[in-house]
Amino acid sequence: MNRVKITSVAVRTLILSLLLSLTPIAVFVVYFAFGWTTFESEDLEYGYTLLSRLFAFAWPASVPLSLALALLHRRSRLVAHLLAVALVPLTLIGFLLAGLLQSGILAIASAALSLPAWLALLLVRVVQQR
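In this text, all values refer to a predicted model and were calculated from it rather than measured experimentally. (Residues numbered from 1 in each chain as written. Predicted model: local features only at pLDDT ≥ 70, side-chain atom pairs only at ≥ 80, totals over all residues. Heavy atoms only, no water.)

(A) Looking closely at the overall build of the chain. Along the backbone of the chain there are five helices and zero strands. Secondary structure elements of the chain, listed N to C terminal, follow the sequence α-α-α-α-α. Burial statistics for the chain: of 130 residues in total, 29% are counted as buried. Here the analysis covers contacts within the chain between residues at least 6 apart in sequence; of these, 76% occur between residues at least 24 apart. (Helix = DSSP H or I, 4+ residues; strand = E, 2+ residues; numbered from the N terminus. Buried < 20%, exposed > 50% of the residue type's maximum accessible area, 1.4 Å probe, protein only. Contact = heavy atoms within 4.5 Å.)

(B) Expanded view of empty space enclosed by the protein. Scanning the entire structure with this criterion turns up one cavity of 30 Å³ or more. One number sums up the size of the largest cavity: a volume of about 40 Å³. Lining the largest cavity are Thr91, Gly94, Phe95, Leu106, Ala109, Ser110 and Leu113. Looking at the lining of the largest cavity, the elements that each hand over two or more residues are α4 (77–101) and α5 (106–129). In terms of residue count, the dominant contributor to the lining of the largest cavity is α5 (four residues). (1 Å grid on protein atoms, 1.4 Å probe; cavity = no way out; pocket = protein on both sides within 12 Å on 5 of 7 lines; lining within 4 Å. Points joined across faces, edges and corners; volume = space filled by probe spheres on them.)

(C) View of the nonpolar core. Grouped together as the largest cluster of nonpolar side chains are 18 residues, with contacts concentrated most on Leu65, Leu72, Leu83, Phe95 and Ala117. Counting residues per element, the ones that place at least two in this core are α2 (41–61), α3 (63–75), α4 and α5. Take this core: its biggest share by element is six residues, from α4. Apart from residues lying up to four places away in sequence, Leu65 is in contact with Leu20, Leu87, Val88, Thr91, Ser114 and Ala117. (Core = buried A, V, L, I, M, F, W, Y, C linked by side-chain atoms within 4.5 Å.)

(D) Focus on a positive patch on the surface. Taken together, the side chains of Lys5, Arg12, Arg74, Arg75, Arg77 and Arg125 make up a positively charged region of the molecular surface. Breaking the positive patch down by element, the ones donating at least two residues are α1 (2–32) and α3. (Patch = residues over 30% accessible without salt bridge, like charges linked within 9 Å, V, L, I, M, F, W, Y side chains within 5 Å. Areas by Shrake-Rupley, 256 points an atom, 1.4 Å probe, with all protein chains shown as cover. Salt bridge = Lys/Arg side-chain N within 4 Å of Asp/Glu carboxyl O. Lys, Arg positive; Asp, Glu negative; His and termini not counted. Charge placed at Lys NZ, Arg CZ, Asp CG, Glu CD.)

(E) Fine view of the side chain of Ser76. Take Ser76: it is sitting in the loop between α3 and α4. Residue Ser76 is classed as buried on the basis of its relative accessible area, which comes to 17%. Within polar-contact distance, the side chain of Ser76 engages the backbone nitrogen of Val79 at 3.5 Å. (Polar contact = N/O pair within 3.5 Å; in protein donor to acceptor, adjacent residues only side chain to side chain.)

(F) Quick peek at the confidence of the model for the chain. Across the chain, the average pLDDT comes to 76, with 82% of residues at 70 or higher. Looking across the chain, the model is least confident in α2, with a mean pLDDT of 73, and most confident in α3, with 84. (pLDDT = per-residue confidence, 0-100.)

(G) Just α3, in detail. In this model α3 runs 19 Å from its N-terminal to its C-terminal C-alpha over 13 residues, within 8% of the 18 Å that 1.5 Å per residue would give. Here α3 has its buried residues at Leu65, Ser66, Ala68, Leu69, Ala70 and Leu72. (Expected span 1.5 Å × (residues − 1).)

(H) Geometry of the side chain of Thr91. Relative to the elements of secondary structure, Thr91 occurs in helix α4. There is a polar contact of 2.9 Å between the side chain of Thr91 and the backbone oxygen of Leu87. Those residues in contact with Thr91, other than ones at most four positions away along the chain, are Leu65, Ser110 and Leu113.

(I) Fine view of a nonpolar patch on the surface. Among the surface-exposed residues, Leu115, Trp118, Leu119, Leu122 and Val126 lie close enough to one another that they form a single nonpolar patch of about 450 Å² accessible area. Along the chain, Leu122 turns up in helix α5.

Spelled out as structure tokens, the structure:
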């Protein structure tokens, strides 16, 4: 039974982190979809390269927040949903800014943004043990 819980948390973490990392790519595609006809082919190649780099950095960087939310969801669904509403948009904005700035600090910023979820998980665990 414990193995089933670990597997479900792992699957939730992978799916949520994949969705978090695909969102900036979707924003990029929607934003530039109408202007691609005016770009040169070199610009499109650069855009695809930028997207692949953003995805390569965003997926591992979204794992800490995804794992914290998946573990928190098992303990307290209300707290997990409230934190997701608060932290996911901040993380996505961070991904978009890091993608535009081509910053190497994406993983550190994502871990810092997931810190409130980890603290809430610790607090919920302490409160439930009492």
